[in-house]
Amino acid sequence: MQIAALPSPLRQHLTGKNLIVFDGECVFCSSFFRFMWQHDRAQSFHYATAQSPLGQALYAALNLPLVDFETNLVIRNGEIHQRLDAFAAAMAELPAPWRFAAVTRRLPQMLKDAIYKPIARNRYRIFGRTDACLIPDASLKARFLELT
């Protein structure tokens with residue numbers, strides 16, 4: 001799906017930006033965010049939690065659950081990616097050797113779902129939930145997008 005299909009205020013807010021939306025309470029999802037933050041040396045991505053107003057607006061626009069998040073979202077070059085394709089899109093922006101993980105995008109959908117869905121469904125039980133919010137420093141806070 002393209003951001004062009006989003007409602008006008010969201011579309012305008014996101015045009016020209018790459019974005020990773022992640023479950024800020026999920027330890028696994030937050031670890032993915034920290035990994036991306038550390039390895040995205042070109043600072044290609046902005047970030048938002050699924051619980052934020054921007055995250056909630058995106059999930060609502062995509063008819064996704066607003067509480068029990070079933071996927072992270074990655075917006076790259078105007079295209080919205082979900083599930084394992086979101087991971088692949090994010091990896092494609094990183095330098096080698098991480099970029100090679102983007103090959104997961106070429107897996108058959110049935111295999112991608114078989115890999116992704118059990119992890120997503122059980123992520124809190126396996127990896128846990130965080131009790132504390134991330135307190136970003138100024139440089140990290142500048143990379144988070146707010147809905148204005």
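About the thresholds
Residues numbered from 1 in each chain as written. Predicted model: local features only at pLDDT ≥ 70, side-chain atom pairs only at ≥ 80, totals over all residues. Heavy atoms only, no water. Helix = DSSP H or I, 4+ residues; strand = E, 2+ residues; numbered from the N terminus. Rg over C-alpha atoms; globule rule 2.2 N^0.38 Å. Buried < 20%, exposed > 50% of the residue type's maximum accessible area, 1.4 Å probe, protein only. Contact = heavy atoms within 4.5 Å. Areas by Shrake-Rupley, 256 points an atom, 1.4 Å probe, with all protein chains shown as cover. Pairing = 2+ DSSP bridges. Axes fitted to C-alpha atoms, helices over the stretch in contact; angles between N-to-C directions.

Enquirer: Which parts of the structure should I look at to understand the overall build of the chain?
Expert: Scanning the chain from terminus to terminus reveals 6 helices and 4 strands. When the helices and strands of the chain are placed in sequence order, the string is α-β-α-β-α-β-β-α-α-α. Its C-alpha atoms give the chain a radius of gyration of 15 Å, within 12% of the compact-globule value 15 Å for 148 residues. Principal-axis analysis of the C-alpha atoms places the extent of the chain at approximately 40 × 35 × 35 Å. When burial is assessed residue by residue, the chain has 41% of its 148 residues classed as buried. Taking all contacts inside the chain whose residues are at least 6 apart in sequence as the whole, residues at least 24 apart take part in 64%. For the chain, the accessible area works out to roughly 8300 Å², and carbon and sulfur atoms hold 58% of it.

Enquirer: What is the right way to look at the sheet that holds strand β3 (residues 73–76) in this model?
Expert: Neighbouring strands of a sheet are bound in pairs by backbone hydrogen bonds; such pairs are parallel or else antiparallel. Taken together, 4 strands build an open sheet; the order of strands is β2-β1-β3-β4 and the sheet is mixed. The open sheet has two free edges, formed respectively by β2 (45–49) and β4 (79–82), since each of these has just one partner strand. When strand polarity is set aside, the average angle formed by the axes of neighbouring strands in this sheet is 20°. Of the strands in this sheet, β1 (18–22) and β2 touch helix α2 (residues 27–39), which is tilted by about 155° from β1. The sheet strands contacting helix α3 (residues 53–61) are β1, β2 and β3, and the helix crosses β1 at an angle near 90°.

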